[in-house]
Amino acid sequence: MTTATLFDPIRLGDLELANRIVMAPMTRSRAGDGDVPTELMMEYYRQRAGAGLIITEGTQPSASGKGYIRTPGIHSEAQIAGWRRVTDAVHAEGGQIVLQIMHCGRVGSLLNKAPGTETIAPSAIRAKGEIVTDKGMIPFDEPRAIELSEIPKLIEEFAQAARNAIAAGFDGVELHCTSGYLPAQFLSSGSNRRTDDYGGSAANRIRLAAETIEAMVAAVGEGRVGFRICPGNPFNDIWDDNPTETYGALLERLSSLNLAYCHLIDVANPQLDSLVLVRRKWRGNLILNEGLTRALAEQLLAKGVASAFSFGRPFIANPDLPFRLKSNAALAQFDASTLYTPGPRGYIDYSMIEQTKG
Ligand SMILES: Cc1cc2nc3c(=O)[nH]c(=O)nc-3n(C[C@H](O)[C@H](O)[C@H](O)COP(=O)(O)O)c2cc1C
């Protein structure tokens, strides 16, 4: 039996990772006018191309899907062209990059969105909480419940976003199904009070996420599609009466597709042990996240728990994280005050101890 290390390559569907260290998706609010990826974003991702796979920040499939300030989209020609420069830069460094598609649903404010957009959700239930806007923190919008007749068009927006991502040079796409955004709003009994085929039973609440992933697969191929979950995650005022049942049903349905991966945020939750659930119900590649160190990831790899491991916060101040982990170098700490501020500070000015190329 060979013992693979974190630094060995692995194939996940159509994705060819040079190592098993994945950069987790992180919103950094540096997009430009028209929600177009900028030169700064190109440099930020280029610096981190030593990851076996980069998963980008959450990116809206439509103007109405935007939640947070200065987040990028993948629904206009200018956005596709902006992302093309990012993917070219990452590929030139030998990296692979997947676009995270994130529709915020009710977690948003019209103040952050283009004119003519709206805030939709499975049900007209406002999430408790506030969101940052140019006018300061304000409560989330009261959403409009999407009509049954509008759901095919909504799903098509995700499929088109996946096509646009491939046109922009991405190696794949990941559907964001957690943290209280639209797919999670449908999955969870607290935010989904629908009485049609998309609400009620677990089989109905998983339908939107499952049909969206199936449409993305039809658009770009199963080996280029992954999805991210965190069963029972209460973030953004989400509650599910029985996440074991809901996510068990989702994982069973998606296991019949040959997807690139399931990306699990494994956090302690009194309702369930997500890792146990995923290992029982998911029959594909697994990327594991949350609070990992080299030692922890190595232990989990040795036990065969996951195929690859994603790191979020450590990548912020350590652009050459895989090199640092391999050489057991010290890790720098990030400045929390510049996480979401415009401009280069706290974004592309963290130092490398490795020269990535040449
Ligand atoms: C600044 C910041 C922004 C984040 N944005 C996203 C996002 O856009 N999409 C997402 O799925 N997770 C997002 N996350 C969660 C991370 O992907 C990851 O799950 C989290 O940081 C835990 O991993 P870690 O312990 O390695 O940092 C974000 C986290 C941080 C710190």
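Residues numbered from 1 in each chain as written. Predicted model: local features only at pLDDT ≥ 70, side-chain atom pairs only at ≥ 80, totals over all residues. Heavy atoms only, no water.

**Focus on the overall build of the chain**
So, point 1. Helix and strand content of the chain: eleven helices and 14 strands.
So, point 2. In terms of C-alpha radius of gyration, the chain reaches 19 Å, essentially the compact-globule figure of 21 Å for 358 residues.
So, point 3. Over its C-alpha atoms, taken along the principal directions, the chain stretches across nearly 55 × 45 × 35 Å.
So, point 4. Across the 358 residues that make up the chain, the buried fraction comes to 58%.
So, point 5. For the chain, long-range pairs separated by at least 24 residues make up 70% of all intrachain contacts whose partners lie at least 6 apart in sequence.
So, point 6. Element-wise, carbon and sulfur atoms account for 52% of the exposed surface of the chain, whose accessible area totals about 14000 Å².
So, point 7. Looking at the chain, you have 36 positive and 40 negative side-chain charges, and the mean spots of the two groups are 3 Å apart. (Helix = DSSP H or I, 4+ residues; strand = E, 2+ residues; numbered from the N terminus. Rg over C-alpha atoms; globule rule 2.2 N^0.38 Å. Buried < 20%, exposed > 50% of the residue type's maximum accessible area, 1.4 Å probe, protein only. Contact = heavy atoms within 4.5 Å. Areas by Shrake-Rupley, 256 points an atom, 1.4 Å probe, with all protein chains shown as cover. Lys, Arg positive; Asp, Glu negative; His and termini not counted. Charge placed at Lys NZ, Arg CZ, Asp CG, Glu CD.)

**Comments concerning the pattern of salt bridges**
It is possible for side chains of opposite charge to pair when their charged atoms get near one another.
So, point 1. Inspection of every chain in the model, using the stated rule, returns 19 salt bridges.
So, point 2. Put simply, E43, R46 and E93 are held in one network by salt bridges that share partners. (Salt bridge = Lys/Arg side-chain N within 4 Å of Asp/Glu carboxyl O.)

**Structural notes on the UniProt feature "domain: NADH:flavin oxidoreductase/NADH oxidase N-terminal" (unreviewed entry) in the chain**
So, point 1. This chain's UniProt record puts "domain: NADH:flavin oxidoreductase/NADH oxidase N-terminal" (unreviewed entry) on residues 6-329.
So, point 2. Annotation note: span residues 6-329, helix share 33%, strand share 17%, distance between end C-alpha atoms 16 Å. (UniProt positions renumbered as here; feature names shortened; annotations may be inferred.)

**Quick notes on the site of the ligand**
So, point 1. Within the structure, the ligand sits among 16 residues, and P25, T27, N289, G291 and R313 are positioned closest to it.
So, point 2. Measuring from an oxygen atom of the ligand, one finds a backbone N or O atom of G291 at 2.7 Å.
So, point 3. Within the backbone of G312, one N or O atom sits 2.8 Å away from an oxygen atom of the ligand.
So, point 4. Protein burial of the ligand: of its 610 Å² of free accessible surface, 87% is covered by the chains.
So, point 5. For the shell around the ligand, the class distribution of residues is six nonpolar, seven polar and three charged. (Near = heavy atom within 4 Å. Polar contact = N/O pair within 3.5 Å; in protein donor to acceptor, adjacent residues only side chain to side chain. Nonpolar A, V, L, I, M, F, W, Y, C, P; charged D, E, K, R; others polar.)

**Some details on the packing of aromatic side chains**
So, point 1. Scanning all chains against the criterion turns up six aromatic pairs.
So, point 2. With 6.3 Å between their ring centres and 45° between their planes, Y45 and W83 make a pair best called tilted. You can see Y45 sitting in helix α1 (residues 39-47) and its partner W83 sitting in helix α2 (residues 77-92), a full 38 residues away along the chain. As far as the burial class goes, Y45 and W83 line up, both buried. (Phe/Tyr/Trp six-rings, centres within 6.5 Å; stacked < 30°, edge-to-face > 60°.)

**Brief notes about the state of the cysteines**
So, point 1. Overall, the coordinates contain zero disulfides when judged by the stated rule.
So, point 2. Free of any disulfide, C177 has its nearest cysteine sulfur in C262, 9.1 Å distant.
So, point 3. Given the relative accessible area of 0%, C177 is considered buried.
So, point 4. C262 gets classed as buried once you look at its relative accessible area, which sits at 0%. (Disulfide = S-S within 2.5 Å.)

**Notes on the packing of helix α6 (residues 207-220) against helix α7 (residues 243-254)**
So, point 1. Contact pair α6 / α7: the axes reach a minimum separation of 10 Å and the direction vectors enclose 20°. Taken as axis vectors, α6 and α7 run roughly parallel relative to one another. For α6 against α7, the interelement crossing comes out right-handed. Residues R207, A209, A210, E211, I213 and E214 of α6 pack against L250, R253 and L254 of α7.
So, point 2. Tallied by class, the residues present in the contact of α6 with α7 amount to five nonpolar, no polar and four charged. (Axes fitted to C-alpha atoms, helices over the stretch in contact; angles between N-to-C directions. Parallel < 35°, antiparallel > 145°, perpendicular 65-115°, else oblique. Left-handed = near helix turned anticlockwise from the far one by under 90°.)

**A short note on helix α3 (residues 151-167)**
So, point 1. The end-to-end C-alpha distance of α3 is 24 Å, a good match for the 24 Å that 17 residues give at a rise of 1.5 Å each.
So, point 2. Close packing links the buried residues of α3 with α2, β5 (97-101), β6 (120-121), β10 (172-176), α4 (182-187) and α6.
So, point 3. Among the residues trailing α3, G169 stands out with phi positive, at a value near 95°. (Expected span 1.5 Å × (residues − 1).)

**Considering the pairing of β10**
So, point 1. Of all five residues in β10, five are buried, a share of seventy percent or more.
So, point 2. Covered by surrounding structure in β10 are G172, E174 and H176 together with V173 and L175, the residues of both alternating faces.

**With respect to the environment of I146**
So, point 1. Relative to the helices and strands, I146 is located in the loop between β9 (144-145) and α3.
So, point 2. Exposure remark for I146: the relative accessible area of 5% places this residue in the buried category.
So, point 3. Once residues within four sequence positions are removed from consideration, I146 is found in contact with I120, A121, P122, I151, L154, F186 and R194.

**Considerations on the nonpolar core**
Nonpolar side chains tend toward joint burial in soluble globular proteins.
So, point 1. Grouped together as the largest cluster of nonpolar side chains are 82 residues, with contacts concentrated most on F227, I229 and F309.
So, point 2. Sequence-distant contacts of F227, defined by excluding residues within four places in its chain, comprise E174, L175, C177, I213, L251, L254, L259, Y261, C262, H263 and W282. (Core = buried A, V, L, I, M, F, W, Y, C linked by side-chain atoms within 4.5 Å.)

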